[in-house]
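Structural overview
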Amino acid sequence: MGQRYERIEGRIRNFIEQQPVFFTATAPLTGDGHINLSPKGRSGTLVVIDELTLAYLDFGGSGAETIAHLREETNGRITLMWCAFAGPPKVLRVHGSGEAIFRDDPRWAEFITHFTDVDGPSARAIIVIHAQRISDACGFAVPFMEYQEERTQHAEHFGRKSEEEFAAYCENKEHVGVSLDGLPALPLPLPQRTD
C-alpha cells in the first residue's frame, strides 16, 4: 500500500540518495506535444537540498526537452521517480515544479556548490525541483537487478572538451535550442559560467 510523505527526510531521503538511477518526466502544455521521459545517472549529480527541494545537473549529450517544458510559461511540471532494483520493493515519486538555472544565472554559483564530486564544462544547467507531492508505491513488479558500476564514457568524452568546444557542440546539436515541439530550450549561444 502506497504512502504520502510531507517531506524528503529520514528513510525517504536515504532511499533517494542510495539509488544509482532515477527518471524524470515532463510534458508541454499542449495536448498533442511530446511527453519526455529520461533516465538519469552519474554518481553525485542529484542532491537533496532540503526537505522539499532537490536538484540535478543537466548535461550535454542529449536534447533539452526537460528544460523546454520547465521554461514554458505557466508550465514547470516535473516528476522524478526512483525504483528499488535491490532490497525491499519500492517505487518513489516526487511530483513538483521545476526550474532550470543556467550557467549565467547569479544563483549558479550557489547551487553548483551542492555538487562537490561532479562538474565540468558539460554541465549546461541545474534543474531545481520544488516538491509538491511525495509518494511511494509497492514496486512488487519491479525486477531485481544488480548494479555493476558507473559508465564513464560521458564524463570522459565531455571532460576532454574546452568550454568553447562544448558551446560549439551544443549549438550544432538538434533539439537543444528548441524542443521537439519548437519550444525554447537551452539558450544559445551557451551562456558563460558565472563561477
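What you see is a predicted model, and the numbers here were worked out from it, not measured in a lab.

What counts as what
Residues numbered from 1 in each chain as written. Predicted model: local features only at pLDDT ≥ 70, side-chain atom pairs only at ≥ 80, totals over all residues. Heavy atoms only, no water. Helix = DSSP H or I, 4+ residues; strand = E, 2+ residues; numbered from the N terminus. Pairing = 2+ DSSP bridges. Phe/Tyr/Trp six-rings, centres within 6.5 Å; stacked < 30°, edge-to-face > 60°. Buried < 20%, exposed > 50% of the residue type's maximum accessible area, 1.4 Å probe, protein only. Arc of directions from axis to C-beta. Contact = heavy atoms within 4.5 Å. Core = buried A, V, L, I, M, F, W, Y, C linked by side-chain atoms within 4.5 Å. Salt bridge = Lys/Arg side-chain N within 4 Å of Asp/Glu carboxyl O. Lys, Arg positive; Asp, Glu negative; His and termini not counted.

Following L188, the chain continues to P189 via a peptide bond in cis, the omega torsion being 0°. Mapped onto the elements of the fold, P189 is located in the segment after α5 (163-172). The phi torsion at T74 lies on the positive side, around 65°, for a residue other than glycine. Of note, T74 is situated in the loop between α2 (65-71) and β6 (77-83). We note that H175 has phi near 65°; this positive angle belongs to a residue other than glycine. You can see H175 is positioned in the segment after α5.

A word on the pairing of strand β7 (residues 91-102). As defined by bridge partners, β6 adjoins β7 across seven bridges and the pair is classed as antiparallel. Across the sheet, T79 pairs through a bridge with H95, a residue of β7.

Once that is clear, we can look at the packing of aromatic side chains. Inspection of every chain in the model, using the stated rule, returns five aromatic pairs. When the ring of F166 is compared with that of Y169, the centres are 6.3 Å apart and the planes differ by 15°; the resulting orientation is stacked. One end of the pair, F166, and the other, Y169, are both in helix α5, three residues apart, so they sit about a helical turn from each other. For F166, a relative accessible area of 1% puts it in the buried group. Site record: aromatic cluster; members linked through ring pairs are F22, Y56 and W82.

Moving on to helix α1 (residues 10-18). Every buried residue of α1 is listed here: I12, F15 and I16. Buried residues of α1, viewed axially, fall in a sector of 95°; they line one side. For α1, the exposed residues set more than 90 degrees away from the buried face come down to R11 and Q18. Where the residues of α1 are buried, they touch β1 (4-5), β4 (46-50), β5 (53-59), β6, β7 and β8 (123-137).

To continue, consider the nonpolar core. Core analysis: the biggest nonpolar cluster contains 35 residues, and I8, I16, I67, W82, I127, I134 and L186 have the highest contact counts within it. Mapped onto this core, the elements with two or more residues apiece are α1, β5, α2, β6, β7, β8 and α5. Among the elements that line this core, the one with the most residues is β8, at five residues. Among all residues touching I134, those that are not within four sequence positions of it are Q3, R4, Y5, E6, R7, I8, I12, E51, L52, L92, R93 and V94. In this structure, V47, W108, A123 and I126 belong to the second largest nonpolar core, which totals 13 residues.

A complete count under the given rule lists seven salt bridges for this structure. Across the pair E17 and R13 runs a salt bridge, and its minimum N-O distance is 2.9 Å. On the criterion of helical spacing, the pair formed by E17 and R13 is a turn pair, its members being four residues apart in helix α1. Overall, the relative accessible area of 48% leaves E17 in the partly exposed class. Among the salt bridges present, the one from R107 reaches E99, with a minimum N-O distance of 3.1 Å. Under the relative-accessibility criterion, E99 is labelled partly exposed at 26%. In this structure, a network of salt bridges that share partners links the residues E99, D105 and R107.

Looking now at the side chain of K40. Within the secondary structure layout, K40 lies in strand β3 (residues 36-40). No salt bridge forms around the buried K40; measuring N to O, its nearest opposite-charge neighbour D58 is 4.5 Å away. In this view, K40 contacts P20, V21, F22, T24, Y56 and D58; residues no more than four positions away in its chain are not counted.

All right, on to α5 then. Turn by turn, an α-helix covers 3.6 residues, leaving residues three or four places apart pointing in a common direction. The set of residues buried in α5 consists of F166, A167 and C170. Looking straight down α5, one finds its buried side chains confined to an arc of 100°; they lie on one side. Away from its buried face by more than 90 degrees, α5 exposes E164 and N172.

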